[in-house]
Amino acid sequence: MKVNNMNAMERYEQWCNNPYFDEATRAELRALAEAGDTKEIEDRFYRDLAFGTGGLRGILGAGSNRMNLYTVRKDTQGLANFILKQGTAPKGVAISFDSRRMSPEFAEETALCLNANGIPTYRFDSLRPVPMLSFATRVLGCTAGVMITASHNPPAYNGYKVYWDDGAQVTAPLDREILDEVNAVTDYATVKTMDHDAAVAAGLYHTMGKEIDDQYMATIQALVLDHDSIAKAAGLKIVYTPLHGTGNLPVRRVLAELGFRNVFVVPEQEQPDGNFPTVKSPNPEDRAAFTLALGYAKEQGADLVLATDPDADRLGVFALVSQPFYVLAFHPAEEFFRQFTNWNIFFTLFLSLLALYGVKERKWWLFALALFTVSWWNFDYSGTGIQLM
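1. Here's the deal with the overall build of the protein
Along its length, the protein carries 15 helices and 11 strands. Evaluated residue by residue, the protein yields a buried proportion of 48% over its 389 residues. Here the analysis covers contacts within the protein between residues at least 6 apart in sequence; of these, 69% occur between residues at least 24 apart. Total accessible area computed for the protein in this model is approximately 18,800 Å², and 57% of it derives from carbon and sulfur atoms.

2. Observations regarding the side chain of Asn283
Structurally, Asn283 is set in the loop between strand S8 (262-265) and helix H12 (291-300). Of the polar contacts made by the side chain of Asn283, one reaches the backbone nitrogen of Glu285; its length is 3.0 Å. Excluding residues that lie within four positions of it along the chain, Asn283 makes contacts with His152, Leu243, Ala289 and Arg314.

3. Considering helix H3 (residues 38-45)
Taken together, the buried positions of H3 are occupied by Ile41, Arg44 and Phe45. Projected down its long axis, H3 shows its buried positions confined to an angular sector of 80 degrees, all on one face.

4. Topic: the packing of helix H4 (residues 69-86) against helix H7 (residues 174-184)
Helix packing for two helices is described by the angle between their axes and how far apart those axes are. It is the contact of H4 with H7, at a shortest axis distance of 8 Å, that shows an interaxial angle of 120 degrees. By the angle between their directions, the pair H4 and H7 is classed as oblique. Where H4 crosses over H7, the two elements pack in a sense that is right-handed. Listed contacts from H7 to Lys74, Asp75, Gly78, Leu79, Asn81, Phe82, Lys85 and Gln86 of H4 are Leu174, Glu177, Ile178, Glu181 and Val182. Residues that form the contact of H4 with H7 fall into these classes: 5 nonpolar, 3 polar and 5 charged.

5. Side note on helix H2 (residues 23-34)
Under the 1.5 Å per step criterion, the end-to-end length of H2 is 16 Å for 12 residues, consistent within 8% with the ideal 16 Å. Its side-chain oxygen at 3.0 Å from the backbone nitrogen of Ala24, Asp22 defines the N-terminal cap of H2. At the C-terminal side of H2, Gly36 shows a positive phi close to 70 degrees.

6. Let's talk about unusual backbone geometry
With an omega dihedral of 0 degrees, the bond running from Ala172 to Pro173 counts as a cis peptide bond. Look at Ser151: it is not a glycine, yet its phi comes out positive at around 55 degrees. Within the secondary structure, Ser151 sits in the loop between strand S4 (144-148) and strand S5 (157-164).

Cut-offs used in this document
Residues numbered from 1 in each chain as written. Predicted model: local features only at pLDDT ≥ 70, side-chain atom pairs only at ≥ 80, totals over all residues. Heavy atoms only, no water. Helix = DSSP H or I, 4+ residues; strand = E, 2+ residues; numbered from the N terminus. Buried < 20%, exposed > 50% of the residue type's maximum accessible area, 1.4 Å probe, protein only. Contact = heavy atoms within 4.5 Å. Areas by Shrake-Rupley, 256 points an atom, 1.4 Å probe, with all protein chains shown as cover. Polar contact = N/O pair within 3.5 Å; in protein donor to acceptor, adjacent residues only side chain to side chain. Arc of directions from axis to C-beta. Axes fitted to C-alpha atoms, helices over the stretch in contact; angles between N-to-C directions. Parallel < 35°, antiparallel > 145°, perpendicular 65-115°, else oblique. Left-handed = near helix turned anticlockwise from the far one by under 90°. Nonpolar A, V, L, I, M, F, W, Y, C, P; charged D, E, K, R; others polar. Expected span 1.5 Å × (residues − 1).

Encoded structure:
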């Protein structure tokens, strides 16, 4: 068996023969050699999984260039070393995870590695979205937060995002300093871990749940600026899909507590499932991810369709809109669901302001142009036979 990258082969042999790695891991790797899959061996071992801006992301599997318990533990050791040097270890680290395969296990391994380094951890009792991890990090006064997720990547991936004490993902120069500490960990045998029960007994491992949920919901309520407007819109029919991720319970709860009475969850996508069986990509910015939700919305006569990605830090929106007169001439009385993105929201606001300026300055041609353009821009032409180049 020949592998082009000899460093990769040396790493492969080490993982296969070192009793530090469990038997299941070594068996998975030996099977690659037995199958003669040298390309796969090289891809798994030609480098360490890169710890980039915000953290890790990679394909699940055994190997130094894969997401597994050993690479997660190694990089957590680097994070722990950085926290210890900062002198903020007593503040602890908040930990959450999404619905992807191995997410609970990676969250547990992260906690126990930090605990073995004397750093307290506060781990959610079950999957929670990124915004709640960010909130918990700030409310508990933690020095950092870790979210186990690969966002909206395909099912084969998982990842590890690092947040700092402000609840935001780490940025320069902290990200580079953490990266240096991660890269400095070259021997897996030096990575620390400990038993779960021992960590609990030592007062290092803490579990959080309903108490943080309740504080989070109360904070959202306090941020509402116009309760009267929400009350007027409470009758809207809303279809929501968590796309098999973390958003199901918190999104439904916040909508219910704000007073929205008619919320329907896409049944095929309601339950957490790291295989994301109903979509090619669980990305709410991709129209294809809304296929089931839009069909369900038409059945329910919905006004609004919402979707969140697996870690629920990204929102996609479709709204039922009437079409402009020049479309209704060919498709009378038709209504369509329009996707709202950052771009069309920006241009809608810009063109609306331009129209108002036209009225103020009595430049009626500008008013008419802006009005026509905003109508044209916000029309979803899919399914009408009209194409925009």
